[in-house]
Amino acid sequence: MNALANEEVGKYLNEYYCSSFQKVATFKIVGGQKQGGNVAAYFCAPDGRVLHCVAGPVGGDVLLREAKWVVDSVKKTLADTKGDGAKFKAAWRTLHAQRLRDQYGLAVEAVTVDVTEQDPNSALTYKDPSGRPIAPKLPPPPIDGPDVTLQAKDLAKRQNEAANAPGAMPIGDRKGNRWVLGNDGRVHMLLAAHSLVKIEKVYGTVFENILNEKISTKPVEVLTPFPWVEKQRAARNLDGIDRSKK
Amino acid sequence: MRSLTLVTAASLWLLPLLAWSGEKPAKPTDKAEPSGSCGTSIDFFDSPQDAAKQALKDQKLVFVVHVSGNFEDPRFT
């Protein structure tokens, strides 16, 4: 919310993007304290296919940096691929894999060919009560291992940065080695295989697998765990007589 | 009395013509406008579909924020 209130961010986003928002989850307010809740920002093509995502709350500088990266990379990739959609998708996924390698020193192979989609009208497709297919949990591509061009010291430095990133969690590679990645690292890992797919296919994975937040259409729940305390206070304040003691 | 009735009827019939100012009615525009900023510095469209339609016309990209709670109400964001 703070990042979105930043004037520089607003100016840039209003110039290069048309913006909107959607409610996808809820949280509880228990005794005045917020429990749960999260945010994810998606940068998409005009047809709703996801180019990039910022998972979780970030500062204005990070949001602006990512918004600029998307605009600059789209321009460059469009020029490089000369408007070929398949080449653009392959190049875009490779860009995410490259960012994961550059920032966190981990190598994944970008998935440049999509598998056949499941038929949404099939009787075997699991649907929610409104009849829509459930947002799928997309598998991220496996980590091949560390970037072998890096010195051990450089790899350690990048892994330290990943360990301090928001949402840092341990993650295994193909050979069983343990590494660590934050929200942004896991977003790059996911989008190295699933960028340029519709937002409704990606958001479930981002919200539930990366942010560990349950998707929900329920309204915000305001709970007061000890309602009798408020009643006693109100009774005392009404006329100065403590009616709770009898 | 009859002439008064005739004058009244004629003036009532002419009223819509007199009221016409000569200007053509404004055509409904197909350009969607952002509906608000919800306390941020970003102009938000009502839905991602509206934003996408406008983005296609303006040669822009689409920015969609997924939130928990009610974004319009600062108490529930």
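For the structure, see preceding data.
Let me begin by describing the structure that accompanies this report. Every value quoted in this text rests on a predicted model; they were computed, and no experiment measured them. (Residues numbered from 1 in each chain as written. Chains lettered and ligands numbered in written order. Predicted model: local features only at pLDDT ≥ 70, side-chain atom pairs only at ≥ 80, totals over all residues.)

## Concerning the overall build of chain B
Point 1. Helix and strand counts for chain B come out as two helices and one strand.
Point 2. Along chain B, helices (α) and strands (β) appear in the sequence α-α-β when read from the amino end.
Point 3. The contacts of chain B with a sequence gap of at least 6 include a subset with a gap of at least 24, amounting to 10%. (Helix = DSSP H or I, 4+ residues; strand = E, 2+ residues; numbered from the N terminus. Contact = placed C-beta atoms within 7 Å.)

## Quick word on the overall build of chain A
Point 1. Within chain A one finds eight helices and ten strands.
Point 2. Taking all 246 residues of chain A together, the buried fraction comes to 30%.
Point 3. Taking all contacts inside chain A whose residues are at least 6 apart in sequence as the whole, residues at least 24 apart take part in 61%. (Buried ≥ 20, exposed ≤ 12 C-beta atoms within 10 Å, placed from the backbone.)

## Notes on the interface of chain A and chain B
Point 1. Taken together, the contact between chain A and chain B spans 42 residues of the former and 30 residues of the latter.
Point 2. Of all elements in the fold, only helix 1 (2–5), helix 2 (7–16), strand 1 (17–25), strand 4 (39–44), helix 3 (60–81) and helix 7 (199–210) of chain A reach the threshold of two or more residues within the side of chain A that touches chain B.
Point 3. Top element by residues in the side of chain A that touches chain B is strand 1 of chain A. It accounts for nine residues.
Point 4. Of the residues in the side of chain A that touches chain B, the class split is 27 nonpolar, eleven polar and four charged.
Point 5. Relative to strand 1 (residues 61–68) of chain B, strand 4 of chain A is paired through six bridges, and the arrangement is antiparallel. (Nonpolar A, V, L, I, M, F, W, Y, C, P; charged D, E, K, R; others polar. Pairing = 2+ DSSP bridges.)

## A closer look at the environment of Ser216 of chain A
All names here are of chain A.
Point 1. Checked against the element boundaries, Ser216 lands in the loop between helix 7 and strand 10 (221–223).
Point 2. On the basis of neighbour counts, which here come to 14 C-beta atoms within 10 Å, the residue Ser216 falls in the partly exposed class.
Point 3. Separated by 49 residues in sequence, Ser216 and Gly167 place their C-alpha atoms 21 Å apart.

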